[in-house]
Amino acid sequence: MVKDLVRNIIAFPSAFFNKIRLRIHGVSIGIGSVVKGKIYIVNKGKITIGDNCIINGRNKYDPIGCGEGCTLVTEKNGNICIGSKCGISNAAIYSRASICIGDRVLLGGGVKIYDTDFHSIEHIWRGTVEDKLHACSESVNIGNDVFIGAGVTILKGVTIGDRAVVGAGAVVTKDILADEIWAGNPAIKIR
Ligand SMILES: CC(C)(COP(=O)(O)OP(=O)(O)OC[C@H]1O[C@@H](n2cnc3c(N)ncnc32)[C@H](O)[C@@H]1OP(=O)(O)O)[C@@H](O)C(=O)NCCC(=O)NCCS
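First, a word on what this report is: a plain description of the structure on this page.

Digging into the overall build of the chain
Thought 1: A count of helical and extended segments in the chain gives one helix and 20 strands.
Thought 2: Over its C-alpha trace the chain gives a radius of gyration of 17 Å, about what one expects of a compact globule, namely 16 Å for 191 residues.
Thought 3: With 191 residues in all, the chain has 45% of them scored as buried.
Thought 4: Of the contacts made within the chain by residues no fewer than 6 positions apart, 31% connect residues no fewer than 24 positions apart.
Thought 5: As displayed, the chain has an accessible area near 10000 Å², and 60% of this comes from carbon and sulfur atoms.
Thought 6: Averaging the coordinates of the 23 positive side-chain charges in the chain and doing the same for the 17 negative ones gives two points 8 Å apart.

Here it is, written out as structure tokens:
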């Protein structure tokens, strides 16, 4: 109890300045949500964070490794929507299309969620101004009460059902149904 109080007092300046930074970047942040440590934000689309979320950047606020900080990036027309009561540690979420995350979702350290390939798979476009136009982008949807383990990468077009679990280090390329547990690279259902 006392430890929590001390921790909150120490984190207060970081949380305060991050809230101001998020607002400057046009991020809508809900009541009771706290962003501690390092967060990198580019918002050319729309970013919404629900109520009572905890977002931690750097090892000081989440000492499980992968402490590079959090990244929230939307390109023009991109959309990141994070529900309420989510916990996010040192994760990178990058949107060109749309990434929707439900309520009470946990994203472990070093998670990456991309709704785009960033580059064309046809080599002729890469290194040209048209590379981006030929890169495939598709929405990602994550349901409520989902637990994503540390170091997971979720790729474009994936839908993850409510209460699903994704094991540490997985690369998710296919949809996961509600209540299933998936792991591995590429991720497969383990339960
Ligand atoms: C997915 C997870 C929850 C499953 O835990 P569990 O129910 O105790 O599963 P088990 O350890 O019994 O493993 C079941 C099978 O899945 C495999 N498995 C479990 N986790 C795996 C993973 N991350 N990657 C690949 N295979 C995995 C096991 O090897 C085992 O395979 P087998 O049946 O062939 O022996 C757990 O392994 C995990 O990855 N936890 C995430 C921890 C984490 O990152 N926390 C976030 C910190 S911020």
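Structural notes on the pairing of strand 6 (residues 70-74)
Thought 1: Where burial is concerned, most of strand 6 is hidden: four out of the five residues are buried.
Thought 2: Relative to strand 6, strand 3 (residues 39-43) runs parallel, the two sharing five bridges. Looking at strand 6, one finds that Tyr 40 is bridged to Thr 71.

Let's talk about the site of the ligand
Thought 1: Around the ligand, a shell composed of 13 residues is seen, among which Ile 64, Ala 150, Gly 167, Ala 168 and Arg 191 lie nearest.
Thought 2: Here Ala 150 contributes a backbone N or O atom positioned 2.6 Å from an oxygen atom of the ligand.
Thought 3: With respect to the ligand, the backbone of Ala 168 contributes an N or O atom lying 2.8 Å from an oxygen atom.
Thought 4: Considering the ligand on its own, with 920 Å² of exposed area, one finds that the protein chains cover 43% of that surface.
Thought 5: Each residue belonging to the shell around the ligand can be placed in one class, and the counts come to seven nonpolar, five polar and one charged.

Points about the sheet that holds strand 10 (residues 99-101)
Thought 1: Spatially, the six strands line up as an open sheet ordered 1-4-7-10-13-16, and their pairing is parallel. Each end of this open sheet is capped by a strand with a single partner; those strands are strand 1 (28-29) and strand 16 (159-160).
Thought 2: Sheet topology note: the strand 4 (residues 46-49)/strand 7 (residues 79-82) ladder contains four bridges and is parallel. Considered in strand 7, the bridge of Ile 47 is made with Ile 80.

The rules we used
- Residues numbered from 1 in each chain as written.
- Predicted model: local features only at pLDDT ≥ 70, side-chain atom pairs only at ≥ 80, totals over all residues.
- Heavy atoms only, no water.
- Helix = DSSP H or I, 4+ residues; strand = E, 2+ residues; numbered from the N terminus.
- Rg over C-alpha atoms; globule rule 2.2 N^0.38 Å.
- Buried < 20%, exposed > 50% of the residue type's maximum accessible area, 1.4 Å probe, protein only.
- Contact = heavy atoms within 4.5 Å.
- Areas by Shrake-Rupley, 256 points an atom, 1.4 Å probe, with all protein chains shown as cover.
- Lys, Arg positive; Asp, Glu negative; His and termini not counted.
- Charge placed at Lys NZ, Arg CZ, Asp CG, Glu CD.
- Pairing = 2+ DSSP bridges.
- Near = heavy atom within 4 Å.
- Polar contact = N/O pair within 3.5 Å; in protein donor to acceptor, adjacent residues only side chain to side chain.
- Nonpolar A, V, L, I, M, F, W, Y, C, P; charged D, E, K, R; others polar.

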